[in-house]
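Structural overview
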Amino acid sequence: MSVDIRNVSKSFRSTLAVDDASLALEEGSFVSIVGPSGCGKSTLLRLVAGLIRPSSGTIDVRGVPVKGPLRNIGMVFQSPVLLPWRRTLDNILFVAEMGGLKTSQWRERALELMQLAGLGGFEASYPHELSGGMQQRASICRAMLLKPPLILMDEPFGALDVITRERMGYALQTLWDESRSTVLFVTHSITEAVLLSDTVVVMTPRPGRIRDIVPIDLPRPRHPGTLREPRFLELSERVREGIEAQWME
Ligand SMILES: Nc1ncnc2c1ncn2[C@@H]1O[C@H](COP(=O)(O)OP(=O)(O)OP(=O)(O)O)[C@@H](O)[C@H]1O
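Residues numbered from 1 in each chain as written. Predicted model: local features only at pLDDT ≥ 70, side-chain atom pairs only at ≥ 80, totals over all residues.

**Observations concerning the pairing of strand 8 (residues 182-187)**
As a reminder of what qualifies: With C-beta atoms placed from the backbone, a residue is labelled by how many other C-beta atoms lie within 10 Å of its own: buried for 20 or more, exposed for 12 or fewer, partly exposed between the two. For the purposes of this entry, the term helix denotes a DSSP run of H or I that reaches at least four residues, the term strand denotes a run of E that reaches at least two, and both are numbered from the N terminus. A pair of strands is considered paired only if DSSP assigns at least 2 bridges between the two. When the strands point away from the viewer and the path from the first strand over the helix to the second turns clockwise, the crossover is right-handed.
The buried fraction of strand 8 amounts to six of the six residues, a majority that puts the element mostly inside the structure. In terms of strand pairing, strand 3 (residues 30-34) meets strand 8 through five bridges, oriented parallel. Its bridge partner lying in strand 8, Val34 is registered against Thr187. With five bridges connecting them, strand 7 (residues 150-154) and strand 8 associate as parallel partners. Residue Leu150 lies in a different strand from strand 8, and its bridge partner there is Thr182. Once the chain exits strand 7 it traverses helix 5 (residues 162-179) before rejoining the sheet at strand 8, and the crossover so formed is right-handed.

**What about the site of the ligand?**
Inclusion rule: By definition, a residue lies near a molecule or strand when the C-beta atom built from its backbone is within 6 Å of it. Here the nonpolar group is Ala, Val, Leu, Ile, Met, Phe, Trp, Tyr, Cys and Pro; Asp, Glu, Lys and Arg are the charged ones; every other residue, Gly included, is treated as polar.
In the vicinity of the ligand, the residues found are Phe12, Thr15, Ala17, Gly35, Ser37, Gly38, Cys39, Gly40, Lys41, Ser42, Thr43 and Arg206. Elements represented by at least two residues in the shell around the ligand include exactly strand 2 (15-25) and helix 1 (41-49). In terms of residue count, the dominant contributor to the shell around the ligand is helix 1 (three residues). Of the residues assigned to the shell around the ligand, the class counts are three nonpolar, seven polar and two charged.

**Some points on the UniProt feature "domain: ABC transporter" (unreviewed entry) in the protein chain**
Here is the rule we go by: UniProt positions are given in the numbering used here, feature names are shortened, and annotations may be inferred rather than shown by experiment.
When the UniProt feature table is mapped to this numbering, "domain: ABC transporter" (unreviewed entry) covers residues 3-230. Structurally, residues 3-230 is divided into 30% helix and 26% strand, and its ends, taken at the C-alpha atoms, are 31 Å apart.

**Concerning the packing of helix 2 (residues 88-98) against helix 4 (residues 132-144)**
For any two helices packed against each other, one specifies the crossing angle of their axes together with the interaxial distance. Quick note on the threshold: Axes here refer to lines fitted to C-alpha atoms; in helices the fit is confined to the stretch in contact. Angles between the N-to-C directions go from 0 to 180 degrees. If you view the pair so one helix is near and one far, a crossing is left-handed when the near helix is turned anticlockwise from the far one by less than a right angle, and right-handed when it is turned clockwise. Note on contacts: residues are paired as contacts if their backbone-placed C-beta atoms lie within 7 Å.
Where helix 2 meets helix 4, the closest approach of the two axes is 7 Å, and the angle between their N-to-C directions is 30 degrees. As helix 2 runs across helix 4, the sense of the crossing is right-handed. Contact residues: helix 2 offers Thr88, Asn91, Ile92, Phe94 and Val95, while helix 4 offers Ala138, Cys141 and Arg142. Of the residues contributing to the contact of helix 2 with helix 4, the split by class is five nonpolar, two polar and one charged.

**Concerning the pairing of strand 10 (residues 210-215)**
In regular strands, side chains alternate between the two faces of the sheet. As defined by bridge partners, strand 9 (residues 199-203) adjoins strand 10 across five bridges and the pair is classed as antiparallel. What sits directly across from Val201, in strand 10, is Ile213.

Shown next as structure tokens:
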């Protein structure tokens, strides 16, 4: 789903959270937003989801202005928010149930996604029997189950350790490759952003402005060796420069 953010600002009383942001997401692309805490990343995501309205500017999704909460999108948050009393497979199928769909028709896809996410064999486990990383993979499977054309992810790996995070990145890449949904992904990690994305957007601290938009031309699929490629290091450096330049202003 293409997304077109044009001159969007958002104020909360006296706080200007997002200032004149413009950004276009091509259909099927993976776009990350990086920036310091409080720079308005989550606000931008909520604006795109239609959960809040911009103070000025416009957001179009597939050419249609966003006027209220978008249906048919996937969302993944920092904590997995799984229902503790439901088994993992049933947690993933929950979105089909909520959408009034027959879960039996989505079961095979749910099992396939679990397999791709490395969760094969855990279909009948309850969330508390899974590690944090596994729970988050389950919540990503849930967000992808109905093949939503747009998925918004707000620091989905923020609560995980660095090693698990990196592995999660590859799992996400595999899942995304299967669905090719448009993804808007918020992260604090430059490495994660460059590794996963087609485009990295660098935001400034409050008021949140878009400082740099960096196209990532690394071949896919990306793998652990990608992190050692000179081009990866060059691109990470460019993103880092965008962030560090703000400290000197
Ligand atoms: N509902 C709200 N009411 C008032 N102020 C808000 C509200 N939501 C966000 N803000 C303010 O807007 C600014 C941006 O917040 P936002 O959560 O978008 O930042 P962020 O970049 O996602 O931060 P973090 O990385 O810490 O999650 C902050 O100063 C925050 O206090």
